[in-house]
Amino acid sequence: MQRVIITGGRGLIGQDLGVKLQKRGYEVAILGRSKDPDSETPGYTWNIDRGEIDKEAINSCDYIIHLAGANIGKKRWTEKRKKEIVDSRVKSIDLIFKHIDPGNRQLKAFISASASGYYGAVTSEQVFIESNPPAHDFLGKTCKKWEEAADQFTGIGIRTVKLRTGIVLSKKGGALSKLKIPVQWGLGSAIGSGRQYMPWIHLDDLSGMYIHALENQSMSGAYNAVAPEHISNKALTRKIAGRLHKPFWFPNIPACIIKLIFGKMSLMLLRGSRVSPEKIQAAGYTFLFPDLDSAFKDLFSKRP
């Protein structure tokens, strides 16, 4: 039985991915800041700030899936918070890399999260592909450092895959639950211009991509983990309102209000461009939910 270690394994993506991997016959373990005594999944600990890690975890597995990282949308982007966001991604990878046994030939791949923010918080007519350079804003610079840290594994001959993820839509929390709140109150409205694109992906497809990257030995490098359908903030909000049978008639929420509430983090909400998933489709991945209508049919259904 092949063994997979997931960092950040207790988060939304990690929990879903862990269950799916176990169903496919993999042994799954979690590497985190503490162990969950109630979990049936084996756990190992690390302390990134102190540079401590359970070496057994990373030197006894066939694959490492790295999802750990501070929630980029949880707090305002103060200088202190921005450092936490970068360090939680880069230093965690550095810690794993530092303690990998150079003679270990068991590790077959290092698969890391990244984000579609690699291309920056911009609204343009460009459709971004993996060969486009990173943006020079905070999101772009963060993703660049994140991916460069992951690329250390390539340098020692370990296959490395980076999934540049868009907004993850799920029934269990995440972005959709937040997007629904104003609509449920009858205040459905586009944000800013409403024309900014929102690269998105259904949780089932994102977990499917991680499994595909794990099992497809020809995959390496960066891949955009977003659905093929490009949709604007206005269109997305309108579809949510339709599913909830709520009105969508309020005027757009002015950008100045969003900036006042969220500060620099408002860029994530007010800007966004189209991102292409053609590379991962060419690598053989077939979407379960290629468009928002099929995704919402599942996400708004009553089945678990």
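Worth saying up front: this structure is predicted, and the values here are computed from it rather than measured. (Residues numbered from 1 in each chain as written. Predicted model: local features only at pLDDT ≥ 70, side-chain atom pairs only at ≥ 80, totals over all residues. Heavy atoms only, no water.)

(A) Here's a closer look at the overall build of the chain. For the chain, the count of helices and strands is 12 helices and 12 strands. Compactness check: the chain gives a C-alpha radius of gyration of 19 Å against a globular reference of 19 Å for 304 residues, within 12% of the reference. Over its C-alpha atoms, taken along the principal directions, the chain stretches across nearly 60 × 40 × 40 Å. Here the chain holds 304 residues, and 50% of them are scored as buried. Pairs at least 24 apart in sequence give 78% of the contacts found in the chain among residues at least 6 apart. Here the chain displays about 14800 Å² of accessible surface, and carbon together with sulfur accounts for 54% of that area. With 45 positive and 29 negative side-chain charges, the chain shows a spacing of 7 Å between the two charge centroids. (Helix = DSSP H or I, 4+ residues; strand = E, 2+ residues; numbered from the N terminus. Rg over C-alpha atoms; globule rule 2.2 N^0.38 Å. Buried < 20%, exposed > 50% of the residue type's maximum accessible area, 1.4 Å probe, protein only. Contact = heavy atoms within 4.5 Å. Areas by Shrake-Rupley, 256 points an atom, 1.4 Å probe, with all protein chains shown as cover. Lys, Arg positive; Asp, Glu negative; His and termini not counted. Charge placed at Lys NZ, Arg CZ, Asp CG, Glu CD.)

(B) Representation of the packing of aromatic side chains within the structure. With the rule as written, the count across this model stands at 7 aromatic pairs. When the ring of Phe110 is compared with that of Phe153, the centres are 4.0 Å apart and the planes differ by 5°; the resulting orientation is stacked. Of this pair, Phe110 sits in strand β6 (residues 109-115) while Phe153 is found in helix α5 (residues 152-155), placing the two residues 43 residues apart along the sequence. We note that Phe110, like Phe153, is buried. Through successive ring pairs, a cluster of aromatic residues spans Phe97, Phe110 and Phe153. (Phe/Tyr/Trp six-rings, centres within 6.5 Å; stacked < 30°, edge-to-face > 60°.)

(C) Here's a closer look at the environment of Thr286. Positionally, Thr286 belongs in the loop between α11 (278-282) and α12 (292-299). Sequence separation between Thr286 and Asp205 is 81 residues; the distance between their C-alpha atoms is 8.7 Å.

(D) Quick look at the pattern of salt bridges. On inspection of all chains with the given rule, the structure shows 16 salt bridges. Two residues, Glu84 and Arg81, come together in a salt bridge whose shortest N-O distance is 3.0 Å. Placement of both Glu84 and Arg81 in helix α3 (residues 79-98) is noted, with a separation of 3 residues, approximately one turn of the helix. The class for Arg81 is buried, based on a relative accessible area of 9%. When the shortest N-O distance is used, the salt bridge between Asp87 and Lys83 registers 2.6 Å. Separated by 4 residues within a single helix, Asp87 and Lys83 lie in helix α3, roughly one turn from each other. (Salt bridge = Lys/Arg side-chain N within 4 Å of Asp/Glu carboxyl O.)

(E) How the structure looks around the pairing of β6. Counting buried residues along β6, 7 of its 7 residues qualify, which places the element largely inside the surrounding structure. Relative to β6, strand β5 (residues 63-66) runs parallel, the two being bridged by 4 bridges. In the sheet register, Ile64 faces β6, and the bridge partner there is Phe110. By the bridge criterion, 7 bridges tie β6 to strand β8 (residues 159-165) in an arrangement that is parallel. Bridge pairing in β8 links Ser112 to Lys162. (Pairing = 2+ DSSP bridges.)

(F) Seen up close, the environment of Gly32. Among the secondary structure elements, Gly32 is positioned in strand β2 (residues 27-32). Considered as a pair, Gly32 and Lys178 are 146 residues apart in the sequence and their alpha carbons are 26 Å apart.

(G) Summary view of the nonpolar core. Of all hydrophobic cores here, the largest spans 67 residues; its most connected members are Leu21, Ile65, Ile96 and Tyr210. By size, the runner-up hydrophobic cluster in this structure holds 16 residues, among which are Leu169, Ile240, Phe248 and Leu299. (Core = buried A, V, L, I, M, F, W, Y, C linked by side-chain atoms within 4.5 Å.)

(H) Region of the structure containing a nonpolar patch on the surface. Among the surface-exposed residues, Ile181, Trp185 and Leu187 lie close enough to one another that they form a single nonpolar patch of about 330 Å² accessible area. Of note, Leu187 is situated in the loop between α6 (174-184) and β10 (200-202). Take Leu187: its relative accessible area is 39%, and that puts it in the partly exposed class. (Patch = residues over 30% accessible without salt bridge, like charges linked within 9 Å, V, L, I, M, F, W, Y side chains within 5 Å.)

(I) Geometry of a positive patch on the surface. On the surface, a cluster of positive charge is contributed by Arg33, Lys74, Lys75, Lys80 and Lys178. Note on placement: Arg33 falls in the loop between β2 and β3 (43-47). The exposed category is assigned to Arg33, whose relative accessible area is 78%.

(J) How the structure looks around the sheet that holds β6. Read across the sheet, 8 strands follow the order β4-β3-β2-β1-β5-β6-β8-β11 without closing on themselves; strand pairing throughout is mixed. On the outer flanks of this sheet lie β4 (52-53) and β11 (221-225), each paired with one strand and no other. Relative to β3, β2 runs parallel, the two sharing 3 bridges. Among the inter-strand pairings, Ile30 is bridged to a residue of β3, identified as Gly43. Packing of α3 onto the sheet brings it into contact with β1 (3-7), β3, β4, β5 and β6, and relative to β5 it is tilted by some 165°. On the sheet, helix α4 (residues 138-150) packs against β5, β6, β8 and β11 and is oriented at approximately 180° with respect to β6. (Axes fitted to C-alpha atoms, helices over the stretch in contact; angles between N-to-C directions.)

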